[in-house]
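Observations on the model geometry
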Amino acid sequence: MANAASGMVVHDACKLKFLELKAKRNYRFIVFKIENRTHQVVVEKLGQPDDTYEDFQKSFPSNECRYAVYDFDFTTDENCQKSKIFFVAWQCRSPESSKVRSKMIYASSKDTFKRELDGIQVELQATEASEMSLDIVKSRAL
C-alpha cells in the first residue's frame, strides 16, 4: 500500500525477511532503503545471525537515510536471556551529505513502513553513530 504523503510502497520481500528475522531468527539485522526510481522500500542488506552490533552500525551510509531492524539479545539483571527487536530510523545530520528530499521522504514514510513490520518493540532515531551506540541500545532494552 502506498503512503499518501510520500507515494512510498513496501516491497513484499521486506515483510517476508522481517518475519524470518522475528520467527526463525535467520538474520541479526535487516537494512532497508527507499529506491529513488520506484519509491519502494526494499531490502538492502541482511545481517547473518553471528554478525555483531558493530557490523550492524557499519551498514549505514554516512550520507544517506535508511531504515533498519536489529534483533538484540541481552541478559536481564535477573540473569534471564531475552531478545528485543529494534527499529532504527537513520537520518544523517549533515545537510550537505544527505539530500533534503530524501530526508523528507524517509521521515514521512517511517510510521507507515514501521506498521508493516508487526513485532517492533523499541524505536531509535539516529542522526549519527553515537545516537545508536550499544550502550543506548542496552539501556533501551532493559
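Bear in mind that the values here come from a model prediction, so they are computed numbers and not experimental data. (Residues numbered from 1 in each chain as written. Predicted model: local features only at pLDDT ≥ 70, side-chain atom pairs only at ≥ 80, totals over all residues. Heavy atoms only, no water.)

Let us now look at the overall build of the protein. Regarding its fold elements, the protein presents four helices and six strands. Listing every helix and strand of the protein by position from the N terminus yields β-α-β-β-α-β-β-α-β-α. Taking 142 residues into account, the globule formula puts the C-alpha radius of gyration at 14 Å, and the protein, at 15 Å, falls close to it. Dimensions of the protein, computed from C-alpha atoms along their principal axes, come out at roughly 45 × 30 × 20 Å. (Helix = DSSP H or I, 4+ residues; strand = E, 2+ residues; numbered from the N terminus. Rg over C-alpha atoms; globule rule 2.2 N^0.38 Å.)

With that out of the way, let us pick up the packing of aromatic side chains. Counted by the stated rule, this structure contains 15 aromatic pairs. Here the aromatic rings of Tyr-67 and Phe-113 are separated by 5.1 Å at their centres, their planes lie at 25°, and the arrangement is stacked. Here Phe-113 lies in helix α3 (residues 100-116) and Tyr-67 lies in strand β4 (residues 66-75), a separation of 46 residues in the sequence. A residue is classified by how much of its surface remains accessible, and Tyr-67, at 1% relative accessible area, is buried. On the accessibility criterion, Phe-113 (0% relative accessible area) is buried. (Phe/Tyr/Trp six-rings, centres within 6.5 Å; stacked < 30°, edge-to-face > 60°. Buried < 20%, exposed > 50% of the residue type's maximum accessible area, 1.4 Å probe, protein only.)

What follows is about the pairing of strand β6 (residues 122-126). Side chains Val-122, Leu-124 and Ala-126 project from β6 onto a buried face, and the interleaved Glu-123 and Gln-125 project onto a face without burial. Here strand β5 (residues 81-90) pairs with β6 via five bridges, running parallel. By the bridge assignment, Phe-87 is partnered in β6 with Glu-123. (Pairing = 2+ DSSP bridges.)

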